[in-house]
Amino acid sequence: MKLDLVSNPGFEFLNDVSDVQLGSIAVGIGDTTLTPWVIEKPVQILGFYQYWKAKSGTSQLLLGQISQTIFTLPNTRYLITFYMAAHGDAQSLNVNSVSLTLTFGSQTMTFTFDTRGKSRTNIGWELKTYEFFATSSSTMIRFTDNSSDEPMVLLDEITISPSGSFECLSKPCLNGGICSIGVNSYSCACPIGFSGQNCETSNIFLSLYLFYFLYFILLFSFSYYYYYYYYYYYYF
């Protein structure tokens, strides 16, 4: 079963709205109809629209700007997927492409959709994907329509799920090693005296060398100060 961290990913659950199947609903800034999505620029929820259908389910979103904060694990890779299309009248309005900006924490990515060859009866939903690293325990995602005039971007079926290496969750680094997730794997920062992928190898000779080195440094320091103060006390 795929884990989706997004709530209300297909805009199917509407607060205080009985039915959107046969029409559309304009949702303004701050409206709670699409909770937990935060409406930052006005959007329209489209139901079984007379010209085109949602990618899945009943509803689709004519985008303005929306955001949602999700739970994430720091230093962990995630995959976000969503379906994008353009308003069915885009070509008749001489709009050949539309774009949206995805913001994930401090990271941003722009996605485009070519409207040429599309129509009201064939809007051509396209799957978009993006991988990112989370840096904190909660991350805000935001979708913004970049259209300069009327909203043109259609959005549906958003998913965010863990991607890549999760070995650090099992604490593989031994002997006090610190685990860090990389692009496709993990690495361990080993304490002095240990090495190996998981800090499993004890470098006893290195440990003994460092021990005696520090021991003699301390002994020398102690002897130096002892004789220095002894000489100073008796001769001066």
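Preceding this paragraph is the structure being described.
Residues numbered from 1 in each chain as written. Predicted model: local features only at pLDDT ≥ 70, side-chain atom pairs only at ≥ 80, totals over all residues. Heavy atoms only, no water.

*Asks:* Go over a nonpolar patch on the surface, please, and point to the residues and values.
*Replies:* A surface patch of nonpolar side chains, about 290 Å² in accessible area, is lined by Phe213, Leu214 and Ile217. Tracing the backbone through its elements, the reader meets Leu214 in helix 1 (residues 204–235). The class of Leu214 is exposed, set by a relative accessible area of 51%. (Patch = residues over 30% accessible without salt bridge, like charges linked within 9 Å, V, L, I, M, F, W, Y side chains within 5 Å. Areas by Shrake-Rupley, 256 points an atom, 1.4 Å probe, with all protein chains shown as cover. Salt bridge = Lys/Arg side-chain N within 4 Å of Asp/Glu carboxyl O. Helix = DSSP H or I, 4+ residues; strand = E, 2+ residues; numbered from the N terminus. Buried < 20%, exposed > 50% of the residue type's maximum accessible area, 1.4 Å probe, protein only.)

*Asks:* Now, about the state of the cysteines: what can you tell me, with residues and values included?
*Replies:* Evaluated as defined, the whole model comprises 2 disulfides. Residue Cys173 pairs covalently with Cys188 via a disulfide, S to S 1.9 Å. Here the S-S torsion is close to -85 degrees, and the disulfide linking Cys173 with Cys188 is therefore left-handed. Taken together, the residues span a long stretch of sequence, with Cys173 in the loop between strand 11 (153–162) and strand 12 (178–181) and Cys188 in strand 13 (residues 186–189) at a distance of 15 residues. The disulfide partner of Cys190 is Cys199, and the gap between their sulfur atoms is 2.1 Å. For the disulfide bridge between Cys190 and Cys199, the dihedral angle about the S-S bond is near -95 degrees, and by the sign convention the bridge is left-handed. Among the residues examined, Cys190 registers a relative accessible area of 29% and is labelled partly exposed. Looking at Cys199, the relative accessible area reads 0%, which means it is buried. (Disulfide = S-S within 2.5 Å.)

*Asks:* So what's going on with the packing of aromatic side chains? Residues and values would help.
*Replies:* Counted under the stated rule, the structure contains 7 aromatic pairs. With centroids separated by 6.3 Å and ring planes inclined at 65 degrees, the aromatic side chains of Trp37 and Phe143 adopt a geometry described as edge-to-face. Of the two residues, Trp37 sits in the loop between strand 1 (24–27) and strand 2 (38–41) while Phe143 sits in strand 10 (residues 138–145), which places them 106 residues apart along the sequence. Judged by its relative accessible area of 0%, Phe143 is buried. Between Phe82 and Phe111 the ring centres are 5.1 Å apart and the planes differ by 85 degrees, which places this aromatic pair in the edge-to-face class. One end of the pair, Phe82, is in strand 6 (residues 76–86); the other, Phe111, is in strand 8 (residues 107–114), with 29 residues separating them in the sequence. Since its relative accessible area comes to 0%, Phe82 is described here as buried. (Phe/Tyr/Trp six-rings, centres within 6.5 Å; stacked < 30°, edge-to-face > 60°.)

*Asks:* Account for the sheet that holds strand 7 (residues 97–104), naming residues and giving values.
*Replies:* The sheet built from 5 strands is open, its strands ordered 2-5-10-7-8 with antiparallel pairing. Each of the sheet's edge strands pairs with one partner strand only, and the pair in question is strand 2 and strand 8. Strand-to-strand twist across the sheet, computed as the mean angle between neighbouring axes with direction ignored, equals 20 degrees. Relative to strand 10, strand 5 (residues 65–71) runs antiparallel, the two sharing 7 bridges. Counted as the bridge partner of Phe71 is Ser138 from strand 10. (Pairing = 2+ DSSP bridges. Axes fitted to C-alpha atoms, helices over the stretch in contact; angles between N-to-C directions.)

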